Amino acid sequence: MTSSTPGRPPGRPPGRPPGRPRSGINDAVFAATLSTVHELGYARATVERIAAAAGIAKTTIYRRWPTKGALIVDCLLDAFGPVPLEGGSRAEIMSTAIRWIAGKIGEPGVGDAFAGVFSDGVSDPELREILSTRLQDPYRLALQDALGEPEHRILFFIDVVVGTLLHRMGMTGEPMADDDVDALVEMVLPFLR
């Protein structure tokens with residue numbers, strides 16, 4: 001028989017607040033964010049529309065993320081996960097990283113969200129700081145460690161690769177084709193050899 005404490009339903013573990021677990025809400029919000037951005041575009045994917053798609057109140061989103069930009073950055077971090085730094089050589093590590101980011105940007109809603117939040121960051125210094133410290137820095141540090149390169153060279157590598165991929169997405173509305181990703185790899189690899 002399950003014990004119960006007054007005011008707590010039977011079977012609920014002590015210390016767990018009522019309602020959805022936080023990770024469940026985050027998962028729902030992130031999925032709703034990407035699908036809303038994919039369906040409506042970044043500009044029309046408001047916090048209100050994302051909340052409606054997630055089936056939660058917009059105040060629930062604002063308690064976790066004070067701005068749409070902060071939500072998008074965390075959503076992108078969740079979508080990207082850790083950069084795979086696989087391979088026995090520098091060229092293999094860089095090639096894997098380029099193909100990984102190209103694939104991620106090609107996922108539904110991800111490229112649109114990425115391009116939109118970067119565009120917003122142009123005129124929003126606080127958002128630029130979030131983008132730099134929360135989104136770019138973890139990947140920069142992982143690449144610096146894996147490749148043994150100074151910060152300025154890794155930042156240039158990130159600028160060239162991500163900038164090229166987002167430019168293609170912005171100009172065509174489509175992710176870069178595999179053949180073009182292959183050509184990008186061949187153009188970028190000599191820089192860090």
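Analysis parameters
- Residues numbered from 1 in each chain as written.
- Predicted model: local features only at pLDDT ≥ 70, side-chain atom pairs only at ≥ 80, totals over all residues.
- Heavy atoms only, no water.
- Salt bridge = Lys/Arg side-chain N within 4 Å of Asp/Glu carboxyl O.
- Helix = DSSP H or I, 4+ residues; strand = E, 2+ residues; numbered from the N terminus.
- Buried < 20%, exposed > 50% of the residue type's maximum accessible area, 1.4 Å probe, protein only.
- Polar contact = N/O pair within 3.5 Å; in protein donor to acceptor, adjacent residues only side chain to side chain.
- Axes fitted to C-alpha atoms, helices over the stretch in contact; angles between N-to-C directions.
- Parallel < 35°, antiparallel > 145°, perpendicular 65-115°, else oblique.
- Left-handed = near helix turned anticlockwise from the far one by under 90°.
- Contact = heavy atoms within 4.5 Å.
- Nonpolar A, V, L, I, M, F, W, Y, C, P; charged D, E, K, R; others polar.

Considering the pattern of salt bridges
Right, so step 1: Considering all chains together, one arrives at nine salt bridges under this definition.
Right, so step 2: The closest approach of N and O atoms between Arg134 and Asp74, which form a salt bridge, is 2.1 Å. With Arg134 in helix H7 (residues 125-147) and Asp74 in helix H4 (residues 68-80), this residue pair connects regions lying 60 residues apart in the sequence.
Right, so step 3: The exposure class of Arg134 is partly exposed, given its relative accessible area of 40%.
Right, so step 4: Put simply, Glu149 and Arg153 hold a salt bridge, and the shortest N to O gap is 2.6 Å.
Right, so step 5: In the salt-bridge network here, residues are joined through shared partners; they are Arg90, Glu149 and Arg153.

Brief notes about the environment of Ser89
Right, so step 1: Mapped onto the elements of the fold, Ser89 is located in the loop between H4 and helix H5 (90-105).
Right, so step 2: Owing to a relative accessible area of 30%, Ser89 belongs among the partly exposed residues under this scheme.
Right, so step 3: With 57 residues separating them along the chain, Ser89 and Ala146 place their C-alpha atoms 9.9 Å apart.
Right, so step 4: Within polar-contact distance, the side chain of Ser89 engages the backbone nitrogen of Glu92 at 3.1 Å.

Considering the packing of H4 against helix H6 (residues 110-121)
Right, so step 1: It is at 10 Å that the axes of H4 and H6 come closest, and there the two elements cross at 140 degrees. Considering their axes alone, H4 and H6 lie oblique with respect to each other. Here H4 and H6 pass one another in a crossing that is left-handed. For the pair formed by H4 and H6, the contact residues are Gly69, Ile72, Val73, Leu76, Ala79 and Phe80 on the first element and Val110, Ala113, Phe114 and Val117 on the second.
Right, so step 2: Class assignment of the residues belonging to the contact of H4 with H6 gives a composition of nine nonpolar, one polar and no charged.

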